[in-house]
Each structure stands twice: as structure tokens, then as C-alpha cells.
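Now for the letters of each chain:
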Amino acid sequence: MAAALFLSGCAETQLGTHVAKSVMRDGQPSGAGGVYKVGSPYQIFGVWYYPAEDETYDSTGIASWYGPQFHGKPTANGEIFDMNAISAAHPTLPMPVLARVTNLENGRSLVVRVNDRGPFAKGREIDLSRRAAELLGYLKQGTAKVRVQYLSRAPLPGEPPVRVVSAKETFVMPAPETPAEALKPVPTGNVQTAALAGSQAVTPKATMAPISSAPTDGMQPIRDDPVSPQPGVDVVPVAGPNQLYVQAGAFSSIENAQLVKSELAALGDVTVTPVNVSGRTLYRVRVPANNVEMADTLLNSVVDKGHHGARIIVE
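Quick summary incoming for the structure in this document.

What counts, and where the lines are drawn
- Residues numbered from 1 in each chain as written.
- Predicted model: local features only at pLDDT ≥ 70, side-chain atom pairs only at ≥ 80, totals over all residues.
- Heavy atoms only, no water.
- Helix = DSSP H or I, 4+ residues; strand = E, 2+ residues; numbered from the N terminus.
- Buried < 20%, exposed > 50% of the residue type's maximum accessible area, 1.4 Å probe, protein only.
- Contact = heavy atoms within 4.5 Å.
- Areas by Shrake-Rupley, 256 points an atom, 1.4 Å probe, with all protein chains shown as cover.
- Expected span 1.5 Å × (residues − 1).
- Arc of directions from axis to C-beta.
- Pairing = 2+ DSSP bridges.

1. Digging into the overall build of the protein
Part 1: When helices and strands are counted, the protein shows five helices and 15 strands.
Part 2: Expressed as a percentage of its 315 residues, the buried residues of the protein come to 52%.
Part 3: Across the protein, contacts joining residues at least 24 apart in sequence account for 78% of those joining residues at least 6 apart.
Part 4: When the accessible area of the protein is evaluated, it comes to approximately 13900 Å², of which 54% is carbon and sulfur surface.

Next comes the structure, spelled out in C-alpha cells:
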């Protein structure tokens with residue numbers, strides 16, 4: 001368990017023996033002690049992750065949060081994690097960068113400083129600090145459907161601050177046919193696949209439990225109170241119903257997509273939908289889920305059938 005917590009909390013740094021205090025600016029970490037880094041490919045529990053600079057990064061998925069077990073410890077780029085600051089961990093984005101995270105369940109939108117690596121549980125898009133999760137309104141329930149958008153590099157000490165426009169000025173929900181960009185499905189049998197352009201992919205095999213946040217005392221999660229958002233939190237319109245899907249892959253051949261659909265038929269109402277990506281038509285194979293728990297179960301089942309590039313998306 002100790003090894004699992006060590007690896008999940010910070011994949012690219014050695015934890016120090018001392019606890020340092022972070023200094024915050026407007027609720028965000030100051031960046032003291034940190035450096036800008038993209039990072040080399042790394043492996044956690046048999047899963048390879050491929051960090052990359054991607055100014056077009058725009059993805060949906062499930063957010064979790066982390067807090068006391070890593071409070072005061074170094075992050076993956078050398079800063080100090082403060083659970084009361086507005087920061088986040090992401091598997092592949094550079095560090096530190098600013099990203100906008102929008103809770104698609106309540107419309108709250110917040111700019112976070114990505115300065116750590118994680119989460120490494122299957123089906124999770126981003127891990128927010130305890131305070132960031134509180135501001136976005138999912139601290140008690142533990143997870144939320146979110147959209148993550150890259151904004152810019154985050155300033156380090158001595159660098160000028162970055163101006164970020166309000167989400168109300170910039171937020172546009174993706175069209176229904178926007179593809180999930182981080183897929184590189186593993187072919188089954190003679191299936192031929194075509195990877196979507198965009199974010200680097202992860203080939204998950206880990207079965208590690210989520211590293212943070214949901215109630216663990218056997219009680220049902222409690223919905224967060226609909227309190228008024230704090231300064232720095234925008235409220236934007238979000239399109240419903242924000243359906244959860246497990247996407248097995250995106251295929252250049254409809255015959256291959258139909259083959260995968262047949263393989264997954266026992267899991268539910270599997271669909272094949274076309275999408276245009278850079279002038280090419282790809283066919284996405286998806287299984288709908290009613291909630292996060294169901295999506296997690298379906299994701300494990302899809303991966304067990306050999307589709308290791310499967311992921312949870314929100315649309």
C-alpha cells in the first residue's frame with residue numbers, strides 16, 4: 001500500500017524527508033522550487049504514459065481529488081503540494097501549466113496549476129487538489145464529469161503573471177461529434193486501427209484503485225451543497241445530458257468497428273458512430289454508462305477484452 005501511494009502521488013520525483021511550506025498567490029502555488037518540464041515517458045504498474053506539449057489539449061473525463069496523504073510533499077516538478085491551493089495532477093500535460101477545468105455537472109469552471117503527475121487509476125482524467133475540488137463542487141461526492149482545456153504555461157517565481165480570460169468569454173462546449181483525442185486502441189485479431197490525432201495516449205493495464213477522495217467509511221457519497229461559487233470560479237452554461245461512455249476505440253474501417261461492436265455486445269447498447277478527423281472518417285465504438293461506478297466496471301470489462309486504449313469520456 002505504501003508503495004502504491006508513493007507511485008500514484010508523484011511519478012517523477014523522489015520524496016524528500018522534510019515538509020516544506022508552500023507560498024500561494026491568489027490561491028495558486030507560487031511555483032517556488034519548481035522547474036518547467038515535459039518529462040520522459042514513464043511506467044506505473046505496467047502502464048506507459050507519454051508526456052507531451054500539446055497546446056490544443058481539450059479532453060473530457062472523470063476528475064478525482066487528492067489531499068492530506070501528499071500535503072507538504074514535493075510534486076513531480078519540484079514544487080510543494082498544498083492541498084489548500086488550487087492545483088492539479090495530470091498524467092501527460094507539461095508542468096507547470098495552467099488548465100481550465102469545468103465541472104460539467106454544475107457549470108463551475110476554474111483555472112488550476114498543473115504541477116504534478118497522476119492520477120493513475122483507470123478511467124480518471126485529472127486529479128485536483130482538495131481545495132480545487134471543493135471550489136468545483138465535488139469534494140464530498142469524490143468524482144465529477146469534467147472538461148480539461150490547456151491554457152498556457154504557468155509562471156515560475158520571477159516570471160510575469162499570465163492573464164487568463166474568463167471562462168464566460170471562452171467556453172464553448174464541444175459538438176456532439178468531437179472525438180476523444182487520446183486513443184490508440186490495441187487491435188484485436190485482424191482489426192486494423194487508426195489513432196486519433198492530438199494528445200499522447202496511455203496504454204492502461206493497471207488495476208489500482210482511485211488514489212483519493214470518495215468516502216471510504218461504507219456510507220453513500222453525499223452531494224456537495226449548492227453554495228455560491230467563490231471568487232475565481234466562473235459559472236458557465238453546460239449542455240446536457242453529459243452522457244458517460246466507455247470508448248473502446250476509433251477505427252478507420254467500419255467493418256473493424258462492427259467487429260469490435262460484436263465482441264462487446266454483451267456489455268450493453270454498443271454503438272458505432274462516424275466522426276470526421278482531419279478529413280478522414282473514423283468509426284468510434286462506445287458503450288454508454290449511467291454513472292461513474294458503471295463506467296468504471298465497463299472500462300475494466302472492455303480492457304479485459306484486449307482494448308487497452310479504452311477510456312471514459314463525457315459528451
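2. Observations concerning helix H5 (residues 292–304)
Part 1: Across its 13 residues, H5 extends 18 Å between first and last C-alpha, which sits within 8% of the 18 Å expected from 1.5 Å per residue.
Part 2: Among the residues of H5, Val 292, Ala 295, Leu 298, Leu 299, Val 302 and Val 303 are the ones counted as buried. With its buried residues spanning 135 degrees around the axis, H5 presents them on a single face. In H5, the exposed residues that point more than 90 degrees away from the buried face are Glu 293, Thr 297 and Asp 304.
Part 3: Those residues of H5 hidden inside the fold are in contact with strand S5 (58–66), strand S12 (244–251), strand S14 (280–289) and strand S15 (311–314).

3. A look at the pairing of strand S13 (residues 271–277)
Part 1: Judged from the seven bridges that link them, S13 and S14 form a sheet pairing that is antiparallel. Residue pairing for S14: Thr 271 is matched across the bridge by Arg 286.
Part 2: From the end of S13 to the start of S14, which pair antiparallel, there are two residues, and Ser 278 there has a positive phi angle of about 55 degrees.

4. A closer look at unusual backbone geometry
Part 1: With an omega of -10 degrees, the peptide bond running from Met 95 to Pro 96 counts as cis.
Part 2: Pro 119 follows Gly 118 through a cis peptide bond whose omega is -10 degrees.
Part 3: By the element assignment, Pro 119 lies in the loop between strand S8 (108–116) and strand S9 (126–129).
Part 4: For Ser 278, which is not a glycine, the phi torsion comes out positive at approximately 55 degrees.
Part 5: Within the secondary structure, Ser 278 sits in the loop between S13 and S14.
Part 6: Taking the relative accessible area as the measure of exposure, Ser 278 reaches 70% and is therefore exposed.

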